[in-house]
Amino acid sequence: MSTTRSRKRLYLRGALVIVAVLAMLYAARVGLLFIGASEGDAPPVSSVPLPTGTEVTQVSTECASGGCWTLISVRPPGGTTPEDLKSELGTTPQSRLPGSFWDPRTVSLTSETRGRSLVIKADYFSPEYVP
């Protein structure tokens, strides 16, 4: 009976060690993501929830002293104006998209209309807009 009990304890300790190591690795990853958010990391286009039918015409990454951001030029779906798309994305004036478990950083979105296109700026470092 004591052999079974000691075997269970061994398995429990092993499981706890594995969970602790995984938690430390996850914490290190999240820490590096947050450090990178202000040191040159920019959100990918996939982080912006574009409606079906939206055409991405140009993507660029720009950087300045405050960090980097992604500029995404899009054409709205047929029958939709850039202003409609701007409202749908909530970028009047700013939208903040919560992160996921794997990448918990918040993505800030702003946009401006340029002719028939909408240019969306996505970054990790903008403070929340307060009117």
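Residues numbered from 1 in each chain as written. Predicted model: local features only at pLDDT ≥ 70, side-chain atom pairs only at ≥ 80, totals over all residues. Heavy atoms only, no water.

Student: For this particular structure, what's the right way to read the state of the cysteines?
Tutor: By definition, a disulfide links the sulfur atoms of two cysteines through a covalent bond. Summed over all chains, the structure comprises one disulfide. Across the disulfide, Cys63 is cross-linked to Cys68 (sulfur-sulfur distance 1.8 Å). The sign of the 105° torsion about the S-S bond sets the Cys63-Cys68 disulfide as right-handed. Residue Cys63 is classed as exposed on the basis of its relative accessible area of 51%. Look at Cys68 and you get buried, because its relative accessible area is 5%. (Disulfide = S-S within 2.5 Å. Buried < 20%, exposed > 50% of the residue type's maximum accessible area, 1.4 Å probe, protein only.)

Student: When you look at the pattern of salt bridges in this model, what are you seeing that I'm missing?
Tutor: Pairing of side chains with opposite charge becomes possible as their charged atoms draw close. Counting across every chain of the model gives four salt bridges. The residue Asp103 makes a salt bridge to Arg105 at a minimum N-O spacing of 2.8 Å. The class of Arg105 is buried, set by a relative accessible area of 5%. Linking Glu112 and Arg114 is a salt bridge whose minimum nitrogen-to-oxygen distance equals 2.8 Å. Three or more residues joined by partner-sharing salt bridges are found here, namely Asp41, Asp103 and Arg105. (Salt bridge = Lys/Arg side-chain N within 4 Å of Asp/Glu carboxyl O.)

Student: What should I look at first to understand helix H2 (residues 82-89) in this one?
Tutor: Along H2, the residues that are buried comprise Pro82, Leu85, Lys86 and Leu89. Buried residues of H2, seen end-on, are gathered within an arc of 105° and therefore sit on one face of the element. Exposed and facing more than 90 degrees away from the buried side of H2 are Ser87 and Glu88. On its buried side, H2 packs onto strand E2 (67-75), strand E3 (95-97), strand E4 (107-114) and strand E5 (117-123). Gly90, located one to two residues past H2, shows a positive phi value of around 80°. (Helix = DSSP H or I, 4+ residues; strand = E, 2+ residues; numbered from the N terminus. Arc of directions from axis to C-beta. Contact = heavy atoms within 4.5 Å.)

Student: Looking at this structure, how should I read a positive patch on the surface?
Tutor: Where like charges cluster on the molecular surface, the positive patch consists of Arg5, Lys8, Arg9 and Arg13. On the secondary structure map, Arg13 appears in helix H1 (residues 2-37). (Patch = residues over 30% accessible without salt bridge, like charges linked within 9 Å, V, L, I, M, F, W, Y side chains within 5 Å. Areas by Shrake-Rupley, 256 points an atom, 1.4 Å probe, with all protein chains shown as cover. Lys, Arg positive; Asp, Glu negative; His and termini not counted. Charge placed at Lys NZ, Arg CZ, Asp CG, Glu CD.)

Student: I would appreciate a short explanation of a nonpolar patch on the surface in the present structure.
Tutor: A cluster of nonpolar residues, Val17, Ile18, Val21, Leu22 and Leu25, forms a patch on the protein surface that exposes about 480 Å² of accessible area. As for its placement among the helices and strands, Leu22 is situated in helix H1. Among the residues examined, Leu22 registers a relative accessible area of 52% and is labelled exposed.

Student: How do you make sense of the side chain of Ser126 when you look at a structure like this?
Tutor: With respect to the helices and strands, Ser126 occurs in the segment after E5. On the basis of relative accessible area, Ser126 is assigned to the buried category, the value being 19%. At 2.7 Å, the side chain of Ser126 and the side chain of Asp123 are in polar contact. Discounting residues that sit within four places of it in the chain, Ser126 has contacts with Gln94, Arg96 and Ser108. (Polar contact = N/O pair within 3.5 Å; in protein donor to acceptor, adjacent residues only side chain to side chain.)

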